[in-house]
Amino acid sequence: MSVDQASQPERPTSPKVAPPLAALDRGINRLEAIARGEPIEAVIHKQIFADEPVLEIEKFSLWYGLKQALYNISMPVPKGKVTAIIGPSGCGKSTLLRCVNRMNDLIDSVKIDGEMRVNGDSIYGPGVDVIELRKRMGMVFQKPNPFPMSIFDNVVYPLMIDGERNKQVIQAVCEQSLRGAALWDEVQGRLRESALGLSGGQQQRLCIARAIAGEPEVLLLDEPCSALDPIATGKVEDLITELRGEFSILIVTHNMQQASRVSDYTAFMYLGRLIEYGPTSEIFTRPKLKETESYVTGRFG
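Residues numbered from 1 in each chain as written. Predicted model: local features only at pLDDT ≥ 70, side-chain atom pairs only at ≥ 80, totals over all residues. Heavy atoms only, no water.

Things to note about the overall build of the chain
The criterion, for reference: For helices the rule is a DSSP run of H or I covering at least 4 residues; for strands it is a run of E covering at least 2, with both sets numbered from the N terminus onward. Based on C-alpha atoms, the radius of gyration is set beside the globule rule, defined as 2.2 Å times the residue count to the power 0.38. When accessible area is computed with a 1.4 Å probe and restricted to protein chains, residues below 20% of their type maximum are described as buried, those above 50% as exposed, and intermediate ones as partly exposed. Contact criterion: two residues are considered in contact whenever any of their non-hydrogen atoms come within 4.5 Å of each other. Areas reported as accessible are Shrake-Rupley estimates using a 1.4 Å probe. Residue values count occlusion only from the protein chains shown. In this charge count, Lys and Arg are treated as positive and Asp and Glu as negative; neither His nor the chain ends contribute. Charge positions are represented by NZ for Lys, CZ for Arg, CG for Asp and CD for Glu.
Secondary structure assignment for the chain yields 12 helices and 12 strands. Over its C-alpha atoms the chain spans a radius of gyration of 20 Å, differing by no more than 12% from the 19 Å that the globule rule assigns to 301 residues. By its C-alpha atoms, the chain is 70 × 45 × 30 Å across when sized along the principal axes. Here the chain holds 301 residues, and 49% of them are scored as buried. Partitioning the intrachain contacts of the chain with sequence separation of at least 6 by distance along the chain shows that 70% fall at a separation of at least 24. Carbon and sulfur atoms form 50% of the exposed surface of the chain, whose accessible area is close to 14,700 Å². The average position of the 34 basic charges and that of the 38 acidic charges among the side chains of the chain differ by 3 Å.

Below is the structure:
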């Protein structure tokens, strides 16, 4: 399976009657315009550009066969911050997240257009080694997925596949990662036991420990609390807060309260489009768009 660059659309031979944005600026609902298939321009708050980006997404679109799932998304993701992506189910949140480490390459008939860069390096450029690229990312999924091996072996797995054989280094990274995942005190006497014997919340924090053991440049969290109870969710949220600054985190969540608690910046998506992107405090208290306000206050979605 290969991921093809989508061909550029032909330039129109006649001018458009009126730019859709001109009408939108007069108060027409952006979500209704999207439903009609009209292009819209995302509103990105200027504070976003004050931070150095770890990830740059530029005019990125994606198709599954003939069905377009992402539309011309451009957004920088600040380094050392927690950035949340929110939006209704099916709006493209997880699709965009999985594009960052090219997991969508595994799906037949995927086409992309546009660019992504991690710390200045192209993610979709010709000759990119996808295996090496994924080593630069940490990925945590909706449901905990510990490997059927010991707790210790789960954590140090990224080091082992990278060829590290120094036992002292491996043991030190294991402890450091488990401490970083706020799990060390709970499992330090059980490191040789199966990871499958841990509770669901512990398994998810173990998966985070495994992800950070490789010192990723970006930590990708795809609704990491959706399968957890409230107590376990609180522990994972506390962990995300503790990891802020040391890691650059991009989290997809359907829980707007969670986004407001753990993130520095929030991006609101709808039907594959980026609608508004800014500091979390502004998105939830004084968004620039009425559509964003309607979503975060629960009027739709």
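Still to come is the rest of the account.
Thoughts on the packing of aromatic side chains
Cut-off, in case you're wondering: Under the pairing criterion, centres of Phe, Tyr and Trp rings, with the six-membered ring standing for Trp, must be within 6.5 Å; the plane angle then separates stacked pairs below 30 degrees from edge-to-face pairs above 60, leaving the rest tilted.
Per the counting criterion, the structure on display carries three aromatic pairs. Between Phe60 and Tyr124, the ring centres sit 5.4 Å apart and the planes meet at 45°, which makes this aromatic pair tilted. Taken as a pair, Phe60 in strand 3 (residues 53-64) and Tyr124 in the loop between strand 7 (121-122) and helix 4 (130-135) lie far apart in primary sequence, 64 residues in all. Judged by its relative accessible area of 11%, Tyr124 falls in the buried class. Measuring from ring centre to ring centre gives 4.9 Å for Phe147 and Tyr157, while their planes differ by 70°; the resulting arrangement is edge-to-face.

Considering the sheet that holds strand 2 (residues 43-44)
Selection rule: One bridge is not enough; two strands pair if DSSP finds at least two bridges between them. An axis is simply a line fitted to the C-alpha atoms; with a helix, the fit covers only the stretch in contact. Between two such axes, the angle follows the N-to-C directions and lies from 0 to 180 degrees.
With mixed pairing, the seven strands of this open sheet are ordered in space as 2-12-11-5-10-9-8. Of all the strands in the sheet, the pair left with one neighbour each is strand 2 and strand 8 (137-140). When strand 9 (residues 218-222) meets strand 10 (residues 249-252), the two strands line up parallel, connected through four bridges. If you follow Leu219 over to strand 10, its bridge partner there is Ile249. Each of strand 5 (82-86), strand 8, strand 9, strand 10 and strand 11 (265-270) is contacted by helix 3 (residues 93-100), which is oriented at about 150° to strand 9, the strand it contacts most. Sheet contacts for helix 8 (residues 200-213): strand 8 and strand 9; angle to strand 8, the most-contacted strand, approximately 170°.

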